[in-house]
Amino acid sequence: MNDLLLITPPFTQLNTPYPATAYLKGFLNTKNISSFQMDLGIEVILNLYSKKGLEALFEAALQNDDIRSDNAQRIYALKNSYIKTIEDVVSFLQGKQQTFARQIITESFLPKASRFEQLDDMDWAFGSMGMQDKAKHLATLYLEDLSDFIVECIDENFGFSRYAERLGQSANSFDQLHGYLQEETTYIDTITLKILEERLQLIQPALVCISVPFPGNLYSAFRCAQFIKSKYPNIKTSMGGGFPNTELRTVTDTRVFDFFDYITLDDGELPIELLVSNILNPAKENPDHNLFKRTFLIENKKVVYNNFTTRKDYKQSEVGTPDYSDLLLEKYISVIEIANPMHSLWSDGRWNKLTMAHGCYWGKCTFCDISLDYIKIYEPVAAKLLVDRMEHIIAQTGEKGFHFVDEAAPPALMRALAIEIIKRKLTVTWWTNIRFEKSFTQDLCLLLKASGCIAVSGGLEVASDRLLKLIDKGVTVAQVASVTRNFTEADIMVHSYLMYGYPTQTIQETVDSLEMVRQLFELGIIQSGFWHQFALTTHSPIGETPSNYGIIPEYKDISFANNDIDFRDETGIDHTKFSFGLKKSLFNYMHGIGFDLPLQEWFDLKIPQTTIHSDLIYDCLASETPTLPKPTSKIIWLGSKPVTSHFTKSKKGKTIEFSRMTFHNASESIEISVEIEKAKWLLEILEEISVMENTTLCNFAQLKTSYERCFDAFEVFWYSESISILRENGLLVL
């Protein structure tokens, strides 16, 4: 028996667990509160995509008499082939049968339906894919064919990473969702609730906490809570997570609380601790009696918001290390999407999730929910504690891949994290979300790469300096170009979030923004991107003062979800008509084609000529000039100790003794020659600034002072060929 059961309802990701329950379980461990966690999404998928699952699925489709389309008929006709291969394909995608790739890539092994038709147009994409990746992509298409069959013949709301998402999107009223919940359970519901009941009987929790990160989890969350209330009325239910944090901050419909006893907002640690205290120790002598933190509940038949406790939220150093126990880590399914490199990263591989800093250190972007605590309250975690947590999670999960799920990872903390990883000789792979700010110098990017960073994502949003200023993004297009070039040259993949339809954005600015994006991809300094249309949210600066941004919101009566707001832009432009052209062009640019085509070619409507010079981004990068480091800049050496030998050389009639220093790295050997006295100094300095050997970092002023105690003209030495070679091979200025 456990005090709590923590649930992520269907569906989030196939390849890795959503981290909310792992974060909470890690915290509960520090309070000796027993808990069990489960990802219902992956458990339902594994039940569905099994031999028995497909046998039942095809039988249900036949009984439904819904096998109508040519595609569905083909899949049903091949049902024996699907049933025969499904468990081997799933096992391969779980990383258990790598030799099976050779079978999958043969022409006649996998049954093929409509998803495979795209392969005729995408042979070019396979040219750079290895056998394992190609097999993984074909297996992904195979699963997507079965998904199409489920949607058409079994359950129209089904999706790998969402379920009945439309019921949760901008649901200002609870009526529609409530109506669906009065209907009979769906095929997917039946599987979900069967698994849930088995776990309830085993765990026997006093409280079930359901995390709802997205609209696509909302229906299943309510269906699970409904089942618990019906069959286990003594168990209390609570909802938290990203969806209620942004959407349910003003909920008033009492019917919601027929399903959930509590809805908690924002950081869940203290709210859940107080729920446990009130549920397990309800007596009035309990100091927490009827005291909650950011919690909705019913009192006297009305929805009340109880935030009466005087206790403060826990610091990030106090919340414990995420605990991934109980989750089926060996059974997650990696799939490959080749259309978008970053989307492929999201869906391929199992990533441990961690956070470098709570909130956003910038906290100014006008489209963002910066009024909410999860953005507004910024609190970084010390690098040493972060790496302690990484090592703990590696020991628990056996996985060395980390996705830092920050709103925007702080550059200074990323630097400290990278140095700590390198000092501990820890081999990890990691990626995160950033702001494209000037702190990301070429040397910092090289340091991040050395620590295991493989990719970053960040918001360019609208590639227009006027609109970036209106957004209060704190960057310019030229700055973004410089930063993305630095990451790319360090061999770190860059993904950019792109936005269109921002308030007051003109058609000309949309076209010019696309031209900027074209140039960034043509120069190869961005490798991945995604366009999304601006959405107005109630908690953003634009939502709070829409008249300042030239838009007119269309408010509705709200008793349930309150976040996205319909609006009219004073420009009167229908930005949706640009969607297809923007996304089509980007798809081509990501795959290195179409750069020479006029922008007009991507659109089926007339657009103006761009006003952006075709070499604007190139010229921005070419105009950068090197400068002498600041006195406070830290100097570190990532390389190894050199092998030295001596030789003499005549110079102006004098014999000068030199030291030849050979440095070996993973890919090559480099060699420099320095006068022997300077070589002795350099050897001592390299040992002193080696990140592997020292806990304190030397700065540029200290380096200069040390040199000038023995020699003259430090600047001449700093810009010498020998130092330039070292600068290219691990001598970093940070």
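This text follows the structure it describes.
Let me sum up the structure you'll find in this document. Note that the structure is a prediction, hence the values are computed from the model and not measured.

1. Description of the pattern of salt bridges
(1) Moving on: In total, this model carries 33 salt bridges according to the counting rule given.
(2) Moving on: Of the charged contacts, one joins Arg 68 and Asp 66 as a salt bridge, the two residues approaching to 3.7 Å between their closest N and O atoms.
(3) Moving on: For Asp 66, a relative accessible area of 29% puts it in the partly exposed group.
(4) Moving on: Between Arg 294 and Asp 266 there is a salt bridge, with its nearest N and O atoms 3.8 Å apart. On the criterion of sequence distance, the pair formed by Arg 294 in the loop between α13 (269-280) and β6 (295-299) and Asp 266 in the loop between β5 (262-264) and α13 is long-range, its members being 28 residues apart. An identical accessibility class is assigned to Arg 294 and Asp 266; each is buried.

2. Focus: the packing of helix α18 (residues 442-451) against helix α20 (residues 477-489)
A pair of packed helices is characterised by two quantities: the angle between their axes and the separation of those axes.
(1) Moving on: Two elements in contact, α18 and α20, have axes separated by 8 Å at closest approach and are oriented at 40 degrees. The angle between α18 and α20 falls in the class oblique. Pair α18 / α20 crosses with right-handed handedness. Facing α18, whose interface residues are Gln 442, Cys 445 and Leu 448, α20 presents Asn 486, Phe 487 and Glu 489.
(2) Moving on: In terms of residue class, the contact of α18 with α20 is built from 3 nonpolar, 2 polar and 1 charged.

3. Structural notes on the sheet that holds strand β23 (residues 698-699)
(1) Moving on: Strands sit in the order β23-β19-β24 across an open sheet of 3 strands; the sheet is antiparallel. Edge positions in the sheet fall to β23 and β24 (731-733), since each of these pairs with one other strand and no more.
(2) Moving on: Direction of pairing for strand β19 (residues 634-637) relative to β23: antiparallel, over a ladder of 2 bridges. Looking at the pairing, Lys 634 lines up with Asn 699 of β23.

4. Describing helix α25 (residues 676-688)
(1) Moving on: Across its 13 residues, α25 extends 18 Å between first and last C-alpha, which sits within 8% of the 18 Å expected from 1.5 Å per residue.
(2) Moving on: Turning to α25, its buried residues number three or more, namely Ile 676, Ala 679, Trp 681, Leu 682, Ile 685 and Leu 686.

5. Notes on the side chain of Glu 43
(1) Moving on: Position of Glu 43 relative to the elements: it lies in helix α2 (residues 40-48).
(2) Moving on: If near-sequence neighbours (up to four positions away) are discounted, Glu 43 is found in contact with Met 38, Ile 195, Arg 199 and Leu 328.

6. Description of the sheet that holds strand β22 (residues 669-675)
(1) Moving on: Across the sheet, which stays open at both edges, the 3 strands sit in the order β20-β21-β22 with antiparallel pairing between neighbours. On the outer flanks of this sheet lie β20 (643-651) and β22, each paired with one strand and no other. Taking each pair of neighbouring strands and ignoring which way they run, the sheet shows an average axis angle of 25 degrees.
(2) Moving on: Two elements, β20 and strand β21 (residues 654-664), share 9 bridges in a ladder whose sense is antiparallel. Note on β21: the bridge partner recorded for Lys 651 is Lys 654.

7. Focus on the pairing of β21
(1) Moving on: For β21 and β22, the ladder comprises 7 bridges, and the chain directions are antiparallel. The residue of β22 that forms the bridge with Phe 658 is Glu 675.
(2) Moving on: Between β21 and β22, which pair antiparallel in sequence order, lie 4 residues.

8. Observations concerning the packing of aromatic side chains
(1) Moving on: Under the criterion given, the structure shown has 38 aromatic pairs.
(2) Moving on: Summarising the aromatic geometry, the rings of Trp 351 and Trp 431 are spaced 5.6 Å apart at their centres and angled 80 degrees between planes, so their arrangement reads as edge-to-face. Of the two residues, Trp 351 sits in the loop between α14 (341-347) and β8 (352-354) while Trp 431 sits in strand β12 (residues 429-434), which places them 80 residues apart along the sequence.
(3) Moving on: Here Phe 578 and Phe 603 contribute two aromatic rings whose centre-to-centre distance is 6.2 Å and whose plane-to-plane angle is 75 degrees, an arrangement assigned as edge-to-face. Remark: Phe 603 occurs in the loop between α23 (579-590) and α24 (616-622) and Phe 578 occurs in the loop between β18 (564-569) and α23; sequence separation between them is 25 residues.
(4) Moving on: Relative accessible area serves as the criterion here: at 10%, Phe 603 is assigned to the buried category.
(5) Moving on: Every member of this aromatic cluster is reached through a ring pair, and the members are Trp 681, Phe 700, Tyr 707, Phe 711, Phe 714, Phe 717 and Trp 718.
(6) Moving on: For the cation-ring pair, Arg 350 lies above Tyr 324, with the distance from its terminal atom to the ring centre recorded as 5.6 Å.
(7) Moving on: One Lys or Arg, Lys 649, reaches over the ring of Phe 658 and ends 5.1 Å from the middle of that ring.

9. Describing the environment of Gly 550
(1) Moving on: Looking at the secondary structure, you find Gly 550 in the loop between α22 (541-544) and β17 (551-554).
(2) Moving on: Overall, Gly 550 belongs to the buried group, its relative accessible area being 11%.
(3) Moving on: Residues Gly 550 and Pro 629 lie 79 residues apart in sequence; the distance between their C-alpha atoms is 44 Å.
(4) Moving on: Excluding its chain neighbours within four sequence positions, the residues that come into contact with Gly 550 are Arg 568, Asp 569 and Glu 570.

10. Describing the pairing of strand β4 (residues 236-240)
(1) Moving on: Counting buried positions along β4 gives 4 out of 5 residues, so the element sits mostly inside the fold.
(2) Moving on: Pairing analysis gives 5 bridges linking strand β3 (residues 207-211) to β4, with the strands arranged parallel. The partner of Cys 209 across the bridge, within β4, is Ser 238.
(3) Moving on: On the question of chirality, the crossover connecting β3 to the parallel β4 by way of helix α11 (residues 218-231) is right-handed.
(4) Moving on: For β4 and β5, the ladder comprises 2 bridges, and the chain directions are parallel.

Cut-offs applied
- Residues numbered from 1 in each chain as written.
- Predicted model: local features only at pLDDT ≥ 70, side-chain atom pairs only at ≥ 80, totals over all residues.
- Heavy atoms only, no water.
- Salt bridge = Lys/Arg side-chain N within 4 Å of Asp/Glu carboxyl O.
- Buried < 20%, exposed > 50% of the residue type's maximum accessible area, 1.4 Å probe, protein only.
- Helix = DSSP H or I, 4+ residues; strand = E, 2+ residues; numbered from the N terminus.
- Axes fitted to C-alpha atoms, helices over the stretch in contact; angles between N-to-C directions.
- Parallel < 35°, antiparallel > 145°, perpendicular 65-115°, else oblique.
- Left-handed = near helix turned anticlockwise from the far one by under 90°.
- Contact = heavy atoms within 4.5 Å.
- Nonpolar A, V, L, I, M, F, W, Y, C, P; charged D, E, K, R; others polar.
- Pairing = 2+ DSSP bridges.
- Expected span 1.5 Å × (residues − 1).
- Phe/Tyr/Trp six-rings, centres within 6.5 Å; stacked < 30°, edge-to-face > 60°.
- Lys NZ or Arg CZ within 6 Å of the ring centre and 35° of its normal.
- Right-handed = clockwise from strand over helix to strand, strands pointing away.

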